[in-house]
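Residue strings, one per chain:
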Amino acid sequence: MPSPTKLPLLVLVSCLSLTGLSFNSYAQKRKMPAKPSAAEVYDSVAQPAVPLGGTEAYARFLGDNQRYPATAMQQGIQGTVKVSFIVEKTGTVNEVKVETPLAPELDAEAIRLIKSAPKWTPAKHRNQVVRQRIYVPVSFVMSPGSEVVMAAPKDRPITTSAADIAASANPDRPAVVAPDRPTQPVGGNQAFFDWIEKNQKYPLLARQRKIQGKVLVEFMVQANGSLTDARVVKKLGSGLDEEALRLIKAAPNWEPAVFQGKPLKQKMVLPVLFQL
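Residues numbered from 1 in each chain as written. Predicted model: local features only at pLDDT ≥ 70, side-chain atom pairs only at ≥ 80, totals over all residues. Heavy atoms only, no water.

**Observations concerning helix 2 (residues 55–64)**
Step number 1: What helix 2 keeps buried is the set Tyr58, Ala59, Leu62 and Gly63. Along the axis of helix 2, the buried residues cluster in a sector spanning 135 degrees; they form a single face. (Buried < 20%, exposed > 50% of the residue type's maximum accessible area, 1.4 Å probe, protein only. Helix = DSSP H or I, 4+ residues; strand = E, 2+ residues; numbered from the N terminus. Arc of directions from axis to C-beta.)

Put into structure tokens, the structure is as follows:
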């Protein structure tokens, strides 16, 4: 028959062993956090996604490739479209959508820019590659890509570039100098497009092939109102591109942009419409 004093001791040892086992299991759980879900989209991660080449290169791409819609330009619509999208584990962009709409044509251009931009380096969280939602502001200013230089004897020249105006992940960049009065055709936009239509010579090859549409032409309106540096940024071919360039080069002078009472040059992008 066992001694009465030994039974409580055995029970006590057993309890201590069970308690130690439970504590060790809890400690192991604390050391092993759950892995990120494969399909989960994160807003905040340990290592955020970044564009390939860096944020400055990304901003330059958006600025250099922005096509300011002609209808918005004619109506003087400016502002910022906030776009959200998901950077997938492969670095591709998915589910692009507008969070703060501005105008339908500007919203569509913002989405086009984001979809056509370079891939990203995906985000990481808890040592795992994860999906992350990104928000990028795409800004539209009436002088996209323009170079503004104002001469003042004692003041430094003020310059702006497309990278300053474009959607940028660098909020610390200097503020953009926008003209007080944007450039415009003498007599207004309608008079300019009426002149284009009246002086247009539809290329025979394009007519035979029944090709019609819009040729986007970029040009600079100089401080004296002359149109220079014309180039096609969206082609149609069959002689339509050359005819669009001829029309812009032959067009009447414009009223130059004005900043603080002084004329300055401004870059424009306008469509030349060809219809059969």
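**Considering the side chain of Ser226**
Step number 1: Looking at the element boundaries, Ser226 is found in the loop between strand 9 (213–221) and strand 10 (227–234).
Step number 2: Here Ser226 falls in the buried class, since its relative accessible area comes to 19%.
Step number 3: Of note is the side chain of Ser226, whose polar atom sits 2.7 Å from the side chain of Asn224.
Step number 4: Ignoring sequence-local partners within four residues, the contact set of Ser226 consists of Met220, Val221 and Asn253. (Polar contact = N/O pair within 3.5 Å; in protein donor to acceptor, adjacent residues only side chain to side chain. Contact = heavy atoms within 4.5 Å.)

**Section: the packing of aromatic side chains**
Step number 1: This structure, assessed with the given rule, holds six aromatic pairs.
Step number 2: Here Tyr58 and Trp120 contribute two aromatic rings whose centre-to-centre distance is 5.3 Å and whose plane-to-plane angle is 70 degrees, an arrangement assigned as edge-to-face. Remark: Trp120 occurs in strand 5 (residues 120–121) and Tyr58 occurs in helix 2; sequence separation between them is 62 residues. Pair check on accessibility: Tyr58 and Trp120 agree, each one buried.
Step number 3: Members of the aromatic cluster, each reached through a chain of ring pairs, are Phe192, Phe193, Phe219 and Trp254. (Phe/Tyr/Trp six-rings, centres within 6.5 Å; stacked < 30°, edge-to-face > 60°.)

**Points about the nonpolar core**
Most often, soluble globular proteins keep nonpolar side chains buried together rather than apart.
Step number 1: Ranked by size, the top nonpolar core spans 49 residues in total, and within it Phe85, Ile114, Val217 and Phe219 carry the most contacts.
Step number 2: Those residues in contact with Ile114, other than ones at most four positions away along the chain, are Tyr58, Leu62, Val83, Phe85, Val93, Val96, Val136 and Val138. (Core = buried A, V, L, I, M, F, W, Y, C linked by side-chain atoms within 4.5 Å.)

**Describing the pattern of salt bridges**
Step number 1: Applying the stated criterion across every chain yields a total of seven salt bridges.
Step number 2: For Glu95, the salt bridge is made with Arg131, and the minimal N-O distance between the two is 3.8 Å. With Glu95 in strand 4 (residues 93–100) and Arg131 in strand 7 (residues 128–140), the pair connects residues that are 36 residues apart, well separated along the chain.
Step number 3: Between Glu109 and Arg112 there is a salt bridge whose closest N-O contact spans 2.8 Å. Linking Glu109 with Arg112, this pair stays in helix 4 (residues 104–116), spanning three residues, or about one helical turn.
Step number 4: Since its relative accessible area comes to 26%, Arg112 is described here as partly exposed. (Salt bridge = Lys/Arg side-chain N within 4 Å of Asp/Glu carboxyl O.)

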